[in-house]
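# Structure at a glance
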Amino acid sequence: MRIESIRLRNFKAFKSVDISDVPPFMVVVGANGTGKSTLFDVFGFLHDCLQSNVRQALSARGRFREVLSRGATNESILIEIQYRMEIVGTNRLVTYTLEISEEKGAPFVKRESLRYKRGRYGAPFYFLDFESGQGWAIINE
Ligand SMILES: Nc1ncnc2c1ncn2[C@@H]1O[C@H](COP(=O)(O)OP(=O)(O)OP(=O)(O)O)[C@@H](O)[C@H]1O
Ligand SMILES: [Mg+2]
């Protein structure tokens, strides 16, 4: 699995960041406090979300309000990762999207999806799609 791009909205210091053409070997250089650790914590955060749950992943980082970028205009955190993966014998560019919001002080997954494009111009094919606790996943591929 190779990551090709990362899109972040309101994740700590990253209000709106798009990183494309991620090379196989990447070195991140920057002044103190510019977000190097935050960039790598995107993966730590996703790991915690999947290992335990979103609430615990947020709690470990000081709850939703601390993780949401200060001064965010949109009240949700978005993490989107594109990676290459073989699906039924074909190498596909898969997009994983996770959007987290908060309601009455409790965080919840607003949207989580996995999709890939079958053709260059075709509509994306969703093989996992959940919205506010309801959705579906295709498990035979
Ligand atoms: N919710 C938030 N909204 C906006 N900025 C935030 C938020 N949470 C943390 N930050 C900022 O993110 C920055 C921390 O970034 P980070 O620790 O990733 O930097 P770094 O490049 O790893 O620094 P160092 O070289 O010191 O390790 C700090 O400036 C902090 O104020
Ligand atoms: Mg650091």
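In case you missed it, the structure is sitting above this.
The following refers to the structure shown. (Residues numbered from 1 in each chain as written. Chains lettered and ligands numbered in written order. Predicted model: local features only at pLDDT ≥ 70, side-chain atom pairs only at ≥ 80, totals over all residues. Heavy atoms only, no water.)

## Some details on the overall build of the chain
Note the cut-off: Each helix corresponds to a stretch of at least 4 residues labelled H or I by DSSP, and each strand to a stretch of at least 2 residues labelled E; elements are numbered beginning at the N terminus. Computation of the radius of gyration draws on C-alpha atoms, with the globule rule given as 2.2 Å multiplied by the number of residues to the power 0.38. When checking whether two residues touch, look at their non-hydrogen atoms; a contact exists if any pair is within 4.5 Å. In these tables, accessible area is a Shrake-Rupley quantity obtained with a 1.4 Å probe, and a residue counts as shielded only by the protein chains included in the view.
Of the regular secondary structure elements, the chain holds three helices and seven strands. When the helices and strands of the chain are listed from N to C terminus, the series reads β-β-α-α-α-β-β-β-β-β. By the compact-globule yardstick of 14 Å for 141 residues, the chain fits well, its C-alpha radius of gyration being 16 Å. C-alpha atoms of the chain, sized along the principal axes, occupy 40 × 40 × 25 Å. Counting contacts in the chain only where the partners sit at least 6 residues apart, residues at least 24 apart contribute 38% of the total. When the accessible area of the chain is evaluated, it comes to approximately 9000 Å², of which 50% is carbon and sulfur surface.

## A short note on the nonpolar core
What counts is decided by this rule: Remark: nonpolar core denotes a set of buried residues (Ala, Val, Leu, Ile, Met, Phe, Trp, Tyr, Cys) joined through side-chain atoms within 4.5 Å. Exposure categories follow from relative accessible area, calculated using a 1.4 Å probe and restricted to protein chains: below 20% of the type maximum is buried, above 50% is exposed, and the middle band is partly exposed.
The biggest cluster of nonpolar side chains holds 30 residues, and the ones touching the most others in it are Phe45, Leu58, Ile77, Ile79 and Ile100. Each residue touching Ile79, except ones within four places of it in the same chain, is listed here: Arg7, Leu8, Phe11, Val42, Phe45, Leu46, Tyr96, Thr97 and Leu98.

## Section: the pattern of salt bridges
Going by this rule: Salt bridge, as used here, is a side-chain nitrogen of Lys or Arg placed within 4 Å of a carboxyl oxygen of Asp or Glu.
Evaluated as defined, the whole model comprises eleven salt bridges. In this structure, Arg7 and Asp18 form a salt bridge, with 2.6 Å as the shortest nitrogen-oxygen distance. Of this pair, Arg7 sits in strand β1 (residues 2-11) while Asp18 sits in strand β2 (residues 14-19); the two residues are eleven residues apart in sequence, bridging distant segments of the chain. Close ionic contact of Glu99 with Lys110 constitutes a salt bridge, the shortest N to O distance being 3.7 Å. Within this pair, whereas Glu99 is found in strand β4 (residues 90-103), its partner Lys110 is found in strand β5 (residues 106-117), the two being separated by eleven residues in sequence. Residues joined by salt bridges that share partners form a network here, namely Lys12, Asp41, Asp48 and Arg61.

Purely geometric numbers; function is a separate question.
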